[in-house]
Amino acid sequence: MGAGIAHVCALAGYDVLLNDVDDEKIAAALEAVSANTAKQAAKGTISERDRSAALARIKPAKDLSDLAPSDLVIETATESEEVKQDLLRALCPHLKPGAIIASNSSSIPITRLASATDRPEQFIGIHFMNPVPLMQLVELVRGIATGEPTFEAVKTFVGKIGKTATVAEDFPAFIVNRILMSTINEAIYTLYEGVGTVDSIDTAMRLGANHPMGPLQLADFIGLDTCLSIMQVLHDGLADPKYRPCPLLVKYVEAGWLGRKAQRGFYDYRGEKPVPTR
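As the structure is a prediction and not an experimental result, all values here were calculated from the model.

The rules we used
- Residues numbered from 1 in each chain as written.
- Predicted model: local features only at pLDDT ≥ 70, side-chain atom pairs only at ≥ 80, totals over all residues.
- Heavy atoms only, no water.
- Helix = DSSP H or I, 4+ residues; strand = E, 2+ residues; numbered from the N terminus.
- Buried < 20%, exposed > 50% of the residue type's maximum accessible area, 1.4 Å probe, protein only.
- Contact = heavy atoms within 4.5 Å.
- Lys, Arg positive; Asp, Glu negative; His and termini not counted.
- Charge placed at Lys NZ, Arg CZ, Asp CG, Glu CD.
- Pairing = 2+ DSSP bridges.
- Axes fitted to C-alpha atoms, helices over the stretch in contact; angles between N-to-C directions.
- UniProt positions renumbered as here; feature names shortened; annotations may be inferred.
- Domains from an automatic or database assignment.
- Polar contact = N/O pair within 3.5 Å; in protein donor to acceptor, adjacent residues only side chain to side chain.
- Right-handed = clockwise from strand over helix to strand, strands pointing away.
- Core = buried A, V, L, I, M, F, W, Y, C linked by side-chain atoms within 4.5 Å.

1. With respect to the overall build of the protein
- Looking only at helices and strands, the protein features 11 helices and 9 strands.
- Within the protein, the fraction of its 278 residues that count as buried is 42%.
- Taking contacts inside the protein between residues at least 6 apart in sequence as the whole, the part at least 24 apart equals 64%.
- Here the protein contributes 28 positive and 34 negative side-chain charges, whose respective centroids are spaced 5 Å apart.

2. Overview of the sheet that holds strand E7 (residues 164-168)
- What the 5 strands build is an open sheet, ordered E3-E4-E5-E6-E7; its pairing is mixed. Two strands close off the open sheet at either side, each with one partner strand: strand E3 (72-75) and E7. Here the strands of the sheet are splayed against their neighbours by 30 degrees on average, with no regard to which way each runs.
- As paired elements, strand E6 (residues 137-142) and E7 share 5 bridges and run parallel to each other. Bridging from a neighbouring strand, Val141 pairs with Ala168 of E7.

3. Section: the UniProt feature "domain: 3-hydroxyacyl-CoA dehydrogenase NAD binding" (unreviewed entry) in the protein
- Here, UniProt's "domain: 3-hydroxyacyl-CoA dehydrogenase NAD binding" (unreviewed entry) annotation points to residues 1-170.
- Annotated as 41% helix and 18% strand, the span residues 1-170 places its first and last C-alpha atoms 21 Å apart.

4. Re the domain arrangement of the protein
- Taken domain by domain, the protein consists of domain 1 (1-61), domain 2 (63-170) and domain 3 (175-276).
- One C-alpha centre belongs to domain 1, the other to domain 3, and the line joining them spans 30 Å.

5. Overview of the side chain of His127
- Along the chain, the position of His127 falls in strand E5 (residues 123-128).
- A distance of 2.7 Å separates a polar atom in the side chain of His127 from a polar atom in the side chain of Glu139.
- Not counting residues up to four positions away in its chain, the partners in contact with His127 are Ser103, Asn104, Ser105, Ser106, Leu137, Val138, Glu139 and Asn177.

6. Side note on the pairing of strand E4 (residues 100-103)
- By the alternation rule, side chains of E4 split into Ile100 and Ala102 and Ile101 and Ser103, which are all buried.
- Bridge analysis of E3 against E4 gives 4 bridges, and the strand direction is parallel. Along E4, the bridge assignment pairs Glu75 with Ser103.
- The parallel pair E3 and E4 is bridged by helix H4 (residues 81-91), and the resulting crossover is right-handed.
- Sheet topology note: the E4/E5 ladder contains 3 bridges and is parallel. Across the sheet, residue Ile101 finds its bridge partner in E5, namely Phe123.

7. Some points on the nonpolar core
- Among the nonpolar cores identified, the biggest contains 26 residues, and Ile188, Leu191, Leu216, Leu248, Leu249 and Phe266 are the most heavily contacted of them.
- Once residues lying within four places of it in the same chain are set aside, the contact partners of Leu191 are Gly196, Thr197, Val198, Ile201, Leu216, Leu248, Phe266 and Arg278.
- Listed in part, the 25 residues of the second largest apolar core include Ile5, Val8, Ile126 and Val138.

8. Comments concerning the environment of Asp22
- With respect to the secondary-structure elements, Asp22 resides in the loop between strand E1 (16-18) and helix H2 (23-43).
- Owing to a relative accessible area of 29%, Asp22 belongs among the partly exposed residues under this scheme.
- Counting along the chain gives 18 residues from Asp22 to Gln40, while the straight-line C-alpha distance between them is 28 Å.

9. Quick look at the UniProt feature "domain: 3-hydroxyacyl-CoA dehydrogenase C-terminal" (unreviewed entry) in the protein
- Mapped onto this numbering, the UniProt entry gives "domain: 3-hydroxyacyl-CoA dehydrogenase C-terminal" (unreviewed entry) at residues 174-269.
- Within residues 174-269, the helical portion is 61% and the strand portion 2%, while the C-alpha atoms at the span's ends are 31 Å from each other.

As structure tokens, this is what we get:
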């Protein structure tokens, strides 16, 4: 997600600093941006000149202190409240007073994340969809303390990078993932209860509901650990049994079958073609 956000920001003319806990991940992100912009140039959606200029705008930032000049910092750490809060606490001392901090969290309440910073009025949720360069929507989520100047500045920024903003209230999982993850979780329950196989469920939703990919295929693409984390946030935050994560989802995560990134999830990706695992 960080690489994708860097990609669209650099193409829009912004200077970008990329930070990660691992230098190899920074290098991999830079390679991903280079490869993806090359595909765009080959298709003619951007010029080679624009591509070169965008790549020149992205620089590695090995330490949080390197982010000191930033006007906007977008946190894209793993979907764990503890990890995100620890990162935000470590980040704040290095930033100038006027800097805005945003979280790309897909489910964790923005008000709680803002409480870990020294500037809750300058903290906001900017939830990009994955893959960032292809997806048009961005969810803007204000915490209870988010100031109007922060909201307006970020709304302008989203427009400048060519995205469409929708405003979501600060409830667990916001709009997209509250609806999407509930659908995915229900699809997993449908599999768990033997109503259909992986193939039949995904085929039914592709052809019967005109979805571009089936819910189980999409879950593998997102990452089953991320799906589980979001369902847990929904279940804990709203205290409604309809958001209880399916036991089969829990089992897959416990087995390390996390989807595409682990080569196994609801499909096995180790061969030439993905094969359903149930």
